[in-house]
Amino acid sequence: MSRSNKRRRGGPLAREAQIAGWLFISPVVLGFTLLLLFPMGLAFYMSLTDWPLLGDHHFIGLDNYRDIMTDAMFWEVLGNTIYFTAGLVPLNIVLALVLALLLSKNIRGIGLFRTAIFVPVMTSLIVWAIVWKLMYATESGLINQLLLMIGIKGPAWLYDPNLAMPAVIVTSVLKNVGLNMVLFIAALQQVPRSLYEAATLDGAGRRASFFNVTLPMITPTVFLTVVMTVIGSLKVFGQIYVMTQGGPSNSTKVLVYYIWEKAFKLFQFGYASSLAYVLFLIVLILTLLQWQLRKRWVFGEGDA
């Protein structure tokens, strides 16, 4: 490189370009630092302390994490969280795929049905949970009123330890299934028609075409929706807070609700921070595990 080129690269115009570049990215950098890195760092420090709402805090090292391992309530809420995830993820994915298959056709007026299913995604979670709590009401709820019309006395949905979690799972699935449905519709529309024509020439019916053409071709989208749905299910809070408050008998108390309870009801901020980091590690491990397993079933990822 000649000296003249070096001067131009290090001259006033180059410096102005660098300054302009930093100015353009500074809002993102500041936001990332102040709203993510700093809170994460502070939370990690708090997890190593006994940090009450009032009074001085003091450093206790890994004691909070040791206490978590012997905390019976932690293991109970972790089990509830796994129960919620295991119930929500397959139901959400399967229902979204079925709806996408039904609504991916270019039929006049089909957009109205797509919109109707997607509207709950844009609805406030708190409003949605309140409405469903009223619908699940034992005496005056719409669901039990409809059951009563056919001679069935409905149960106390949100007050039965065996029914409360399934009720919350159904509420959560209906709230967010529209998002995955839209993703699946987009994926289905990208499948080449020539593959279906080739399958038809080979004598494949609809079922064989679905399992040998459609499903393999949309596995990247299936992978994306599974990862997003698992992460979202592990962070469930709003529905639990509004509909059950973790009850009855702690049957719906999940990990994020337990973190909130420790921090903002019992004011044990250090212990709550350590619980938050345990949740972070769980989400990270599950995401990395799914990322590795994708090579076995996601189309085009076998050699990745």
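A few points on the structure. Residue numbers restart at each chain and count upward from 1, following the sequence in its written direction. Per-residue local features of the predicted model are confined to residues with pLDDT of at least 70, and side-chain atom pairs are confined, for both listing and counting, to 80 or more; whole-chain, interface and lining totals are unaffected and use all residues. Values shown for side chains rest on all heavy atoms present in the structure; no hydrogens or waters enter the calculation.

Side note on the overall build of the chain
The numbering of helices and of strands both runs from the N terminus, where a helix is a DSSP run of H or I of at least 4 residues and a strand a run of E of at least 2. Helix and strand counts for the chain stand at 14 helices and two strands. To get the radius of gyration, use the C-alpha atoms; to get the globule rule, take the number of residues to the power 0.38 and multiply by 2.2 Å. Here the C-alpha radius of gyration of the chain, 25 Å, is well above what a compact globule of 304 residues would show, namely 19 Å. Projecting the C-alpha coordinates of the chain onto the three principal axes gives extents of approximately 90 × 70 × 35 Å. The buried label applies to any residue whose accessible area, calculated with a 1.4 Å probe on protein chains only, is under 20% of its type's maximum; exposed applies above 50%, and partly exposed to all values in between. The buried share of the chain, taken over its 304 residues, is 37%. Whether two residues are in contact is decided by their heavy atoms, any of which lying within 4.5 Å being enough. Taking the contacts inside the chain whose residues are at least 6 apart along the sequence as the reference set, 66% of them involve residues at least 24 apart. Charge counting follows a simple rule: Lys and Arg are positive, Asp and Glu are negative, and His as well as the terminal groups are ignored. Where a charge sits is defined by one atom per residue type, namely NZ (Lys), CZ (Arg), CG (Asp) or CD (Glu). The distance from the centre of the 23 positive side-chain charges to the centre of the 14 negative ones in the chain is 15 Å.

Re unusual backbone geometry
Glycine aside, residues mostly have negative phi, and peptide bonds are mostly found in the trans state. Of note, the amide linkage connecting glycine 247 to proline 248 takes the cis form, showing an omega dihedral of -10°. A positive phi angle is found at glutamine 245, which is not glycine, with a value near 55°. For glutamine 245, the position within the fold is in the loop between helix 12 (238–243) and helix 13 (255–264). Residue class for glutamine 245 comes out partly exposed when judged on its relative accessible area of 40%. Within the chain, phenylalanine 267 stands out as a residue other than glycine whose phi angle is a positive 55°. Note on phenylalanine 267: relative accessible area 35%, which makes it partly exposed.

Focus on helix 6 (residues 125–135)
Taken together, the buried positions of helix 6 are Trp128, Ala129, Trp132 and Met135. Angularly, the buried residues of helix 6 cover 120° about the axis, an arc narrow enough to put them on a single face. Packing partners of the buried residues in helix 6 comprise helix 5 (110–122), helix 7 (142–149), helix 8 (164–189) and helix 12. Arc definition: directions from the helix axis to the C-beta atoms.

Things to note about the packing of aromatic side chains
Only the six-membered ring of Trp is used, alongside the rings of Phe and Tyr, when aromatic pairs are assigned; centres must lie within 6.5 Å, and planes under 30 degrees apart are stacked while those over 60 apart are edge-to-face, with the rest tilted. This model, assessed by the stated rule, comprises 17 aromatic pairs. With a centroid separation of 6.2 Å and 65° between ring planes, the pair formed by phenylalanine 223 and tryptophan 297 is classed as edge-to-face. Here phenylalanine 223 is found in helix 11 (residues 219–234), whereas its partner tryptophan 297 is found in helix 14 (residues 269–297), with 74 residues between them in sequence. For tryptophan 297, a relative accessible area of 38% puts it in the partly exposed group.

Description of the packing of helix 4 (residues 72–103) against helix 5
Orientation is described by axes fitted as lines to C-alpha atoms, over the contacting stretch for helices, and by angles from 0 to 180 degrees between their N-to-C directions. Between helix 4 and helix 5, whose axes approach to 10 Å, the crossing angle comes to 160°. Here helix 4 is positioned roughly antiparallel relative to helix 5, judged by the angle of their axes. Helix 5 is crossed by helix 4, and the crossing has left-handed handedness. Contacts between helix 4 and helix 5 involve Leu99, Leu102 and Leu103 from the former and Ile110, Phe113, Arg114 and Ile117 from the latter. Each angle gets one of four labels, with under 35 degrees taken as roughly parallel, over 145 as roughly antiparallel, 65 to 115 as roughly perpendicular, and the rest as oblique. If you view the pair so one helix is near and one far, a crossing is left-handed when the near helix is turned anticlockwise from the far one by less than a right angle, and right-handed when it is turned clockwise.

Describing the pattern of salt bridges
Salt-bridge detection follows one rule: a side-chain nitrogen of Lys or Arg within 4 Å of a carboxyl oxygen of Asp or Glu. Scanning all chains against the criterion turns up two salt bridges. One salt bridge in this structure joins arginine 66 and aspartate 63, with 2.6 Å as the shortest N-O distance. Of this pair, arginine 66 and aspartate 63 both sit in helix 3 (residues 63–69), separated by three residues, roughly a single helical turn. Taking relative accessible area as the criterion, aspartate 63 reaches 34% and is therefore assigned partly exposed.

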